[in-house]
Amino acid sequence: MTSAAFRRHAHAAVDWVADYLDRVADLPVVPTVAPGDIRAMLPVSAPRHGEDFTDVLADLDQVIVPGLMHWQSPGFFGYFPSNSSAPSIIGELLSAGLGVQGMLWSTSPACTELESHVLDWLAEMLDLPAAFRSDGPGGGVIQDSASSATLCALLAARHRAGADLGSLTVYSSSHAHSSVEKAVRIAGLAPDQLRQVEVDDAFAMRAESLAALIAEDLAAGRTPTLVVAALGTTSTQAVDPLRKIAEIARAHGAWLHVDAAMSGTATLCPEFRDLNDGLELADSYCVNPHKWMLVNFDCDAFFVADRTALTTALSVVPEYLRNAASDSGAVIDYRDWQIPLGRRFRALKLWLVIRHYGVEGLQRHIRHHVDLAHELAGWVRADARFELAAPVRLNLVCLRHVDGDDATQRLLDAVNASGEAFVTHTRLDGRLVLRACVGATQTQAAHVRRLWDLIAGAA
Ligand code: PLP
């Protein structure tokens, strides 16, 4: 493609994206296609000759859009959000345009140094402990996902424990994200080396149960290796008692990883910083700007208080990657902080988002979502047909119909068949629960009101 054609087509593609974001509120949030429908519209084999770019754009409308769940719709209240913004999209475009691969400092110094620097900004913005900044033994790195961060934390913890693999034990609450279980499997531990700690009435980890499980394991000669505390669980946004957990983990030399994938973004606002109480005792922490900070997927910020165990666990230096800068020890080589070797220039989009909105702009956005979620919770509380199924802490509302699971299922079905909104479910104490998370970039009060009308109308 010539430079002139690239300009023309790229401008058309950007126009297409801008139009998409302008009209996404009017598209049905949930696709209605059946399995195989999209493939049936695609040619069996690749085109033999290059095609006109205009035809490709036309196919986006005809083939791709009908098969999308519109995560950027203001009516998207499902799972946790994966929100986005124009500056982030531009950052992604620039990253693709530059096409650098930042595995080593020397393979693009700006890629590494911008990442370290922006993560230091982020640590300050989220009021994280100073140990997570890159000017000491610790520092931050961008991972693709919180799942990778948890795996890296486990690999570092496994390395630091230095004990026989079969003796290692890992602890998280029974409400921790499934990525903990997956990390345990990938790290070569048996499923029964993961201890699921009981939760309290608010679905947060019981610290005393953690202490009891650790004591039991120590008595049996096992090595408590990793504790994962969640600041905002996936089902209910429950917050584990971090300080108590941290003290227990520290007393027994276990690595403490804090998973704040979704909810950590709230600590941009001083009024939500109680979430971080005890974080100075943690070994690692992660938050996903790709969930709630207007940075499009993928961008997980993973911080360690001391990088030694992580980089020792993950560093392998073949001859063909050796270079003077790495040998000097004066630079960060992020390939040693993650599973793959290669890495994209993700810091660009985080940088653009922070520079465009500023801290205050991002705070406004978080407060707006939290206010809207609390407004929805207020309507639930005031209506005798419904009950809140979990405390509403930030921007997630868990509710059910008082008549039981069938009635709650009807609410879910009605909302999701409307085309105007999308919610997902969980189960709490065996009972079906509708989860509504307010976090899409375009969501305004009218969209939350419409969601409530749909729920109330189906009761
Ligand atoms: N941790 C928590 C608390 C989550 O809610 C999620 C996803 O929703 C994850 C981890 C996994 O996130 P990722 O998709 O970035 O791996």
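Scroll up to find the structure this text is about.
About the thresholds
- Residues numbered from 1 in each chain as written.
- Predicted model: local features only at pLDDT ≥ 70, side-chain atom pairs only at ≥ 80, totals over all residues.
- Heavy atoms only, no water.
- Patch = residues over 30% accessible without salt bridge, like charges linked within 9 Å, V, L, I, M, F, W, Y side chains within 5 Å.
- Areas by Shrake-Rupley, 256 points an atom, 1.4 Å probe, with all protein chains shown as cover.
- Salt bridge = Lys/Arg side-chain N within 4 Å of Asp/Glu carboxyl O.
- Lys, Arg positive; Asp, Glu negative; His and termini not counted.
- Charge placed at Lys NZ, Arg CZ, Asp CG, Glu CD.
- Helix = DSSP H or I, 4+ residues; strand = E, 2+ residues; numbered from the N terminus.
- Phe/Tyr/Trp six-rings, centres within 6.5 Å; stacked < 30°, edge-to-face > 60°.
- Buried < 20%, exposed > 50% of the residue type's maximum accessible area, 1.4 Å probe, protein only.
- Near = heavy atom within 4 Å.
- Polar contact = N/O pair within 3.5 Å; in protein donor to acceptor, adjacent residues only side chain to side chain.
- Nonpolar A, V, L, I, M, F, W, Y, C, P; charged D, E, K, R; others polar.
- Axes fitted to C-alpha atoms, helices over the stretch in contact; angles between N-to-C directions.
- Parallel < 35°, antiparallel > 145°, perpendicular 65-115°, else oblique.
- Left-handed = near helix turned anticlockwise from the far one by under 90°.
- Contact = heavy atoms within 4.5 Å.
- Pairing = 2+ DSSP bridges.

**Student:** In this structure, what is going on with a negative patch on the surface? I would like to understand it.
**Tutor:** Where like charges cluster on the molecular surface, the negative patch consists of Glu 51, Asp 52, Asp 55 and Asp 59. Mapped onto the elements of the fold, Glu 51 is located in the loop between helix H2 (37–40) and helix H3 (53–64).

**Student:** Explain the packing of aromatic side chains here, please?
**Tutor:** What describes a pair of aromatic rings is the distance from one ring centre to the other and the angle between the planes of the rings. One pass over the full model with this rule turns up 11 aromatic pairs. Look at Tyr 79 and Phe 422: their rings are 5.9 Å apart centre to centre, the planes differ by 50 degrees, and that puts the pair in the tilted class. A residue pair is termed long-range when its members are at least 10 positions apart, and Tyr 79 in the loop between H3 and helix H4 (86–98) and Phe 422 in the loop between helix H14 (405–417) and strand S10 (424–428) qualify at 343 residues. With a centroid separation of 6.3 Å and 45 degrees between ring planes, the pair formed by Tyr 285 and Phe 303 is classed as tilted. Of this pair, Tyr 285 sits in strand S6 (residues 284–287) while Phe 303 is found in strand S7 (residues 300–304), placing the two residues 18 residues apart along the sequence. The residues Tyr 285 and Phe 303 share a single accessibility class, namely buried. Of the aromatic side chains, those joined through ring pairs into one cluster are Trp 71, Phe 76, Tyr 79 and Phe 422.

**Student:** How do you make sense of the site of the ligand when you look at a structure like this?
**Tutor:** With respect to spatial proximity, 13 residues lie near the ligand, and among them Ala 146, Ser 147, Thr 234, Asp 259 and Asn 288 are the closest. Contact between the ligand and Ser 147: an oxygen atom at 2.6 Å from a side-chain N or O atom of the residue. In this structure, Lys 291 approaches the ligand through a side-chain N or O atom, which is 3.2 Å from an oxygen atom. In isolation the ligand has 400 Å² of accessible area, and contact with the protein removes 87% of it. At the level of elements, helix H6 (146–161) and helix H10 (289–292) are the ones that each hand at least two residues to the shell around the ligand. Among the residues forming the shell around the ligand, the class breakdown is three nonpolar, eight polar and two charged.

**Student:** I'm lost on the packing of helix H8 (residues 207–219) against helix H9 (residues 242–251) in this one. Help?
**Tutor:** The relative placement of two packed helices comes down to the angle between their axes together with the axis-to-axis distance. Taken N-terminus to C-terminus, the directions of H8 and H9 make an angle of 15 degrees; their axes are 9 Å apart at the nearest point. Judged on the interaxial angle alone, H9 and H8 are roughly parallel. Seen along the crossing, H8 lies across H9 with a hand that is right-handed. Contacts between H8 and H9 involve Ala 207, Leu 210, Ala 211 and Ile 214 from the former and Lys 244, Ile 245 and Ile 248 from the latter. Counted by class, the contact of H8 with H9 contains six nonpolar, no polar and one charged residues.

**Student:** It is not clear to me how the side chain of Gln 237 should be interpreted in this structure. Could you clarify?
**Tutor:** Position of Gln 237 among the secondary structure elements: in the loop between strand S4 (223–230) and H9. Gln 237 gets classed as buried once you look at its relative accessible area, which sits at 1%. In this structure the side chain of Gln 237 is engaged in a polar contact, spanning 3.1 Å, whose partner is the side chain of Ser 263. Ignoring sequence-local partners within four residues, the contact set of Gln 237 consists of Gly 232, Met 262, Ser 263, Arg 393, Leu 394, Asn 395 and Leu 396.

**Student:** What's the story with the sheet that holds strand S11 (residues 431–437) in this structure? I'm lost.
**Tutor:** Pairing between sheet strands relies on hydrogen bonds along the backbone, with the strands arranged either parallel or antiparallel. Strand order across the open sheet formed by four strands is S8-S9-S11-S10, with antiparallel pairing between neighbours. At either margin of the open sheet sits one strand with a lone partner, and together these are strand S8 (386–388) and S10. With direction set aside, neighbouring strand axes in the sheet form an average angle of 40 degrees. Across five bridges, the pairing between S10 and S11 is antiparallel.

**Student:** It is not clear to me how unusual backbone geometry should be interpreted in this structure. Could you clarify?
**Tutor:** When glycine is set aside, most residues are seen to have a negative phi, and most peptide bonds are trans. Residues Phe 297 and Asp 298 are joined by a peptide bond in cis, for which omega reads 10 degrees. Turning to its location among the elements, Asp 298 is positioned in the loop between H10 and S7. Of note in the backbone geometry, Asp 127 takes a positive phi value of approximately 60 degrees without being a glycine. With respect to the element layout, Asp 127 can be found in the loop between helix H5 (109–125) and strand S1 (139–143). Here Asp 429, not a glycine, exhibits a phi torsion of approximately 50 degrees, which is positive. Of note, Asp 429 is situated in the loop between S10 and S11. Judged by relative accessible area, Asp 429 falls into the exposed class, the value being 70%.

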